[in-house]
Amino acid sequence: DTEVTQTPKHLVMGMTNKKSLKCEQHMGHRAMYWYKQKAKKPPELMFVYSYEKLSINESVPSRFSPECPNSSLLNLHLHALQPEDSALYLCASSQAGEKFFGPGTRLTVL
Amino acid sequence: AQSVTQLGSHVSVSEGALVLLRCNYSSSVPPYLFWYVQYPNQGLQLLLKYTSAATLVKGINGFEAEFKKSETSFHLTKPSAHMSDAAEYFCAVRGGTNWDDKIIFGKGTRLHILP
């Protein structure tokens, strides 16, 4: 299995909702990442987990809360988001420097 | 600090013509360089990577890139464009020397294929 899966593919939520994005990989990779991509822009790093510990938080607002329950799973918990948070959220994993990206979750905040 | 610059936010080529997408890098350490492709409404797919081995790197879908240290370049080429190559292409560099360092992306180049 050489892929990263993300669920859901699409998510529409209100500003008072709580939702979660899920990412899964079964390649044995020990680093996992969350990126945010706005339209017509490159992906921007949000968080890095290395060996299930948060190693990088790129000054992301606290309304985004990452969680790494085990080496195969990465969650991104969302609460009280703003319309400007609407974007494609990409998960990636890596082991030897090469990053494998998932298909992303298209998030719309109303 | 590591960075990449992609020259040209949009490139148009005719079907069957040579594709050349330009990328220049800046790195304080020997760079690990990547080209990713993103089709509309999809995630990123790795086309090829340079990790300090051969300077001419062959990737998927007929793409290749040449690492030129003297020019700090890592341009992406394909001899003959196909309509299916229309997509956004990102050049990227690893942000440090650790295997789990983040990827830093260029601004991207949209490739248009003319019939």
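So, here's what we can say about the structure.

Inspection of every chain in the model, using the stated rule, returns 2 disulfides over all chains. Shown here is the disulfide that connects C23 of chain A with C91 of chain A, its sulfur atoms set 1.9 Å apart. With the S-S bond torsion at -70 degrees, the cross-link from C23 of chain A to C91 of chain A turns out left-handed. Separated by 68 residues along the polypeptide, C23 of chain A in strand β3 (residues 18-25) and C91 of chain A in strand β9 (residues 87-94) bring together distant segments of the chain. Each member of the pair, C23 of chain A as well as C91 of chain A, is classed as buried. Paired by a disulfide, C23 of chain B and C91 of chain B hold their sulfur atoms 2.0 Å apart. Its torsion about the S-S bond being -65 degrees, the disulfide of C23 of chain B and C91 of chain B is classed as left-handed. Of this pair, C23 of chain B sits in strand β3 (residues 19-26) while C91 of chain B sits in strand β9 (residues 87-94), and the two are 68 residues apart along the sequence. Classification of C91 of chain B by relative accessible area gives buried; the value is 0%. Of the cysteine sulfurs around C68 of chain A, a residue in no disulfide, the closest is that of C23 of chain A, at 9.2 Å.

Let us now look at the interface of chain A and chain B. On the chain B side, the residues contacting the 24 residues of chain A number 19 residues. Contact between chain A and chain B buries roughly 1700 Å² in total, counting both sides, with carbon and sulfur atoms accounting for 57%. Among the residues chain A hides against chain B, the three largest losses belong to E98, K99 and F101 of chain A. Together they make up 27% of the total. Counting across the interface, chain A meets chain B through 2 salt bridges. Of the charged contacts, one joins E98 of chain A and K49 of chain B as a salt bridge, the two residues approaching to 2.6 Å between their closest N and O atoms. Where chain A touches chain B, the interface holds 8 residue pairs in polar contact (both at pLDDT 80 or more). Counting residues per element, the ones that place at least two in the side of chain A that touches chain B are β4 (31-37), β5 (44-50), β9 and β10 (99-101) of chain A. Take the side of chain A that touches chain B: its biggest share by element is 4 residues, from β4 of chain A. Considering only residue class, the side of chain A that touches chain B consists of 12 nonpolar, 6 polar and 6 charged.

Another aspect to go through is the nonpolar core. W35, L48, F74, L76 and Y89 of chain B are the most contacted members of the largest nonpolar core, which has 26 residues in total. Every element with two or more residues in this core is listed here: β2 (10-14), β3, β4 (33-38), β5 (44-50), β7 (64-68), β8 (73-78), β9 and β11 (109-114) of chain B. Apart from the residues lying within four places of it in its own chain, the contact partners of Y89 of chain B are Q6, L21, W35, Y36, V37, L47, F63, L76, G108, T109 and L111 of chain B. Within the second largest apolar cluster, 22 residues are counted, among which are F47, F64, C68 and C91 of chain A.

Moving on, we get to the environment of L73 of chain A. Residues and elements named next belong to chain A. Its location among the elements puts L73 in strand β8 (residues 73-79). Sequence-wise, L73 and M32 are 41 residues apart; in three dimensions their C-alpha atoms are separated by 8.6 Å. Setting aside residues up to four positions removed in sequence, L73 forms contacts with K22, C23, E24, M32, E67 and C68.

Time to look at the side chain of E88 of chain B. Residue and element names in this part refer to chain B. One can find E88 in strand β9. E88 sits in the buried class, given a relative accessible area of 12%. Here R110 takes part through its side chain, which lies 3.1 Å from a polar atom of the side chain of E88. Filtering out sequence-adjacent residues up to four positions away, E88 remains in contact with Y36, V37, Q38, K107, G108, T109 and R110.

What counts as what
Each chain carries its own residue numbering, running from 1 in the direction its sequence is written. Whichever chain is written first becomes A and whichever ligand is written first becomes 1, with later ones labelled in order. Whole-chain, interface and lining totals are the exception, using all residues; otherwise, since this is a predicted model, local features are given only for residues with pLDDT of at least 70 and side-chain atom pairs are given and counted only at 80 or more. Computation of side-chain values covers all heavy atoms of the structure but excludes hydrogens and water. Disulfide assignment relies on a single distance test, namely cysteine sulfur atoms paired within 2.5 Å. Strands are runs of DSSP state E lasting at least 2 residues, helices are runs of H or I lasting at least 4, and numbering of each runs from the N terminus. Note on classification: 1.4 Å probe, protein chains only; a residue is buried when its accessible area is under 20% of the maximum for its type, exposed when over 50%, partly exposed between these limits. When checking whether two residues touch, look at their non-hydrogen atoms; a contact exists if any pair is within 4.5 Å. When two parts are brought into contact, each loses some accessible area as probed by a 1.4 Å sphere; the total of that loss over both is the buried area. Whenever a carboxyl oxygen of Asp or Glu lies within 4 Å of a side-chain nitrogen of Lys or Arg, that contact is scored as a salt bridge. Here a polar contact is taken to be a pair of N or O atoms separated by no more than 3.5 Å, where protein atoms must pair a possible hydrogen donor with a possible acceptor and residues adjacent in sequence count only if both atoms sit in side chains. Three residue categories are used. Nonpolar comprises Ala, Val, Leu, Ile, Met, Phe, Trp, Tyr, Cys and Pro, charged comprises Asp, Glu, Lys and Arg, and polar comprises the others, including Gly. To define a nonpolar core, start from buried Ala, Val, Leu, Ile, Met, Phe, Trp, Tyr and Cys residues and group those joined through side-chain atoms within 4.5 Å.

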